[in-house]
There are 2 protein chains.
Amino acid sequence: MQLTFLGTGDVRQVPVYGCHCRACTAARDDARLRRRPCSALLEAGGQRILLDGGLTDLAERFAPGDLNAILLTHYHIDHVQGLFHLRWGVNDAIPVYGPDDRDGCADLLKHPGILDFRPPLEPFEPFMLGEAQVTPLPLQHSKPTFGYLFEQDGKRIAYLTDTVGLPENTARLLEGLDELEMVIDCSQPPRPEPPRNHNDLNLVLAIHQRLQPKTTWLTHIGHEMDQWLQDHELPDAVLIARDGQWLRSE
Amino acid sequence: MQLTFLGTGDVRQVPVYGCHCRACTAARDDARLRRRPCSALLEAGGQRILLDGGLTDLAERFAPGDLNAILLTHYHIDHVQGLFHLRWGVNDAIPVYGPDDRDGCADLLKHPGILDFRPPLEPFEPFMLGEAQVTPLPLQHSKPTFGYLFEQDGKRIAYLTDTVGLPENTARLLEGLDELEMVIDCSQPPRPEPPRNHNDLNLVLAIHQRLQPKTTWLTHIGHEMDQWLQDHELPDAVLIARDGQWLRSE
Ligand SMILES: [Mn+2]
Ligand SMILES: [Mn+2]
Ligand SMILES: [Mn+2]
Ligand SMILES: [Mn+2]
Ligand SMILES: [Zn+2]
Ligand SMILES: [Zn+2]
C-alpha cells in the first residue's frame, strides 16, 4: 500500500492569506513548503482511492477513470470543496463513501452529478475496496467524522483526521496493531489546552505513546505548528508530512 | 468604469470534467478558451470591487487591501467557493454585500472570519461604493439573487447573473437607459424552452431587443453555448465575454 499526501494543511492552509509569519513567508517563497487542504491518495491492490476532496484542482490531477473511489472523512468544506466542480463531469460515476451526515455540505448531496454517494458507512464495519480492507473509525470532531484503517497482507495504514484525541473504542481497536503506519491530525503545536476539534502535538504524542505505531505522520498542519517546527525537533518515529510526499507500507 | 471578466463559465466550467466535445477539447488545448466560475472585477472611482467569489485562487490574485468590497449576486457554491479560504486570512476585514439569504452557503455566514457580511441589500435601493452608485436588481433564479447596476458620471454597467429572463420591474428600470453596457447570463444556446434558472440565447436576445443597451456581453457560458458559437455569429452589439477580457464605460 502507498499513501501520497496531496494536501497537509489545516483549514487556513499555509500560507494563510495575508500572513507574514515565518512559516507563511517561507511557504510563499518556496512552493514545496505550501500546505493545501488536507487530503491523500491511497493506492492499494490496484485501487486508487482519494481520501477527501478539498483540493480545488482535482479535475487536472485525475483523469476520468483514474479514481476507483472517494472516501470522505467528513463534510467540512475544506474536505469536500473540490467535489463541486468534479460532480458536473460527463464521466462514469465515482463511488463516494463517508459518514452518516445527511446535511452534507451546501447542495452536494442534493445535486451529486457523477458522484455516486453510497449509503453511509457503519462505524467499525469493515468492507473491501479491491483487495484492501477498510474499517471506518469514529473520530471526535464538530461534524460526524470517520478515520479509516486500511489493511492488506498484514500491513496497515490508519488515516485519522479531523479529530481532537480519539474515542476510546477507536483507540482500543488500533492499540498494539502490528505494522501500523498512523497518519493523524496535528493542527497545532503543544498547547496548555488542545484547540477545539483538533489535536495539538501534546495530544498526538500521548496517542503515539499509547498506540505504538511504527510511524506517526502529522498532517492537517497549521501555520503555528510550522513555526514551532522551525525551532523544535520531533521525537523518533514521529514525522511531519509534506504535500506530495508518500509513505509505503509493504 | 472598467469591468474585467475574471471568469465567464457556468457551474460546470469549460472544459467540463472529462468532456471531449469540440468546445471542451479546444479549451483544454488553449488556456485562453477556458471558462472559470463566473465573476468579475469592477474598478470605479478608485474602488476595486469583486463581483462574486467563485474563483478558488483569490488569495493569489488579490493581495490584502487590494479589494475595497465584495458584492455577491447569490450564494450558490460556484459564486462563493473561493471565499472559504480567504475568510481565514489575518488581514483587515473586507466588506461583503449581497442579497437576503440567511442560509448563505455551508458555514460561510456562521464563520465569516475576515469577511464582514453587511446587512442584506434592499432591492432597488441605491448605495454608494466610492464614487460609484450601485443599485441591486432582483433576478429570477433558484436562490435569492441580485444583479447590479453601476453608475458613475452618466456611464452605466449592469451585471445580471444568474437569471432566467428578468423580473418586470428590473427590466423596466434598465429600459432605455443611456450609455448602458449590459453583462448577462447566457448559459445556453437557443433552446425551444429556456433551461431552468438560466438564460438561453433566445431569451438574452429578447432582453437585448427590449432594453437596447450599447452592448450586451454574454457570460456564465456553458460548453454547449461555446459549441454553438463555433458555427454561428452573434448579432451586432452582442459580444461573447472571455476570461481576462475587460470592458470600459467612460
Ligand atoms: Mn479540516
Ligand atoms: Mn473539519
Ligand atoms: Mn452560477
Ligand atoms: Mn446560480
Ligand atoms: Zn502564518
Ligand atoms: Zn464539453
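Chain A carries the name Phosphonate metabolism protein PhnP in an unreviewed UniProt entry, which gives Marinobacterium weihaiense as its organism.

Caption draft 1: Looking closely at the coordination of the manganese ion (ligand 3). Distances from the manganese ion (ligand 3) to its protein donors, Asp78 of chain B (OD), His79 of chain B (NE2), Asp162 of chain B (OD) and His220 of chain B (NE2), fall within 2.2 to 2.4 Å. Here the donor residues for the manganese ion (ligand 3) map to a single chain with the spacing D-H-x82-D-x57-H.

Caption draft 2: Just the confidence of the model for chain A, in detail. Mean pLDDT for chain A: 97, with 100% of residues reaching 70 or above. Here the predicted complex carries an ipTM of 0.95, next to a pTM of 0.96.

Caption draft 3: Quick look at the UniProt feature "domain: Metallo-beta-lactamase" (unreviewed entry) in chain A. Feature annotation in UniProt assigns "domain: Metallo-beta-lactamase" (unreviewed entry) to the following positions: residues 37-223 of chain A. Split by type, residues 37-223 of chain A is 17% helix and 29% strand. Its first and last C-alpha atoms lie 13 Å apart.

Caption draft 4: How the structure looks around the environment of leucine 166 of chain B. Residues and elements named next belong to chain B. You can see leucine 166 is positioned in the loop between β10 (155-160) and α5 (168-174). With relative accessibility at 13%, the residue leucine 166 sits in the buried group. When sequence neighbours within four positions are dropped, the list of residues in contact with leucine 166 reads Leu139, Gln140, Leu160, Ala171, Leu174, Ile207 and Leu211.

Caption draft 5: Local environment of the interface of chain A and chain B. At the interface, 27 residues of chain A touch 27 residues of chain B. Across the interface of chain A and chain B, roughly 2,400 Å² is buried in total on both sides, 62% from carbon and sulfur atoms. Our count for the contact surface shared by chain A and chain B stands at zero salt bridges. Counting across the chain A and chain B interface gives 11 residue pairs in polar contact (both at pLDDT 80 or more). The leading source of residues in the side of chain A that touches chain B is helix α4 (residues 83-86) of chain A, at three residues. Its residues placed into classes, the side of chain A that touches chain B shows 17 nonpolar, seven polar and three charged.

Calculation notes
- Counting starts from 1 at the beginning of each chain's written sequence and moves along it residue by residue.
- Working convention: letters from A go to chains and numbers from 1 go to ligands, in the order in which they are written.
- Confidence filtering applies because this is a predicted model: local features only for residues at pLDDT of at least 70, side-chain atom pairs given and counted only at 80 or more, and all residues used for totals across whole chains, interfaces and linings.
- Remark: hydrogens and water are excluded; side-chain values derive from all non-hydrogen atoms of the structure.
- Note: metal donors comprise N, O and S atoms at 2.8 Å or less from the metal (3.2 Å for Na, K and Ca); water molecules are not included, so apparent gaps in a site are possible.
- pLDDT measures the predictor's confidence residue by residue and takes values from 0 up to 100.
- UniProt positions are given in the numbering used here, feature names are shortened, and annotations may be inferred rather than shown by experiment.
- Strands are runs of DSSP state E lasting at least 2 residues, helices are runs of H or I lasting at least 4, and numbering of each runs from the N terminus.
- The cut-offs for exposure are 20% and 50% of the maximum accessible area for each residue type, with area from a 1.4 Å probe on protein chains only; residues under the lower value are buried, those over the upper are exposed, and the others partly exposed.
- Contact between two residues is taken to exist if any of their heavy atoms lie within 4.5 Å; hydrogens are not considered.
- Here the quantity called buried area is the accessible surface, traced with a 1.4 Å probe, that two parts lose on coming together, added over both.
- The rule for a salt bridge is simple: a side-chain nitrogen of Lys or Arg has to be within 4 Å of a carboxyl oxygen of Asp or Glu.
- Polar contact is the term for a pair of N or O atoms within 3.5 Å; when the atoms are in protein, one must be able to donate a hydrogen and the other to accept it, and sequence-neighboring residues count only if both atoms are side-chain atoms.
- Note on residue classes: Ala, Val, Leu, Ile, Met, Phe, Trp, Tyr, Cys and Pro are nonpolar, Asp, Glu, Lys and Arg are charged, and everything else, Gly too, is polar.

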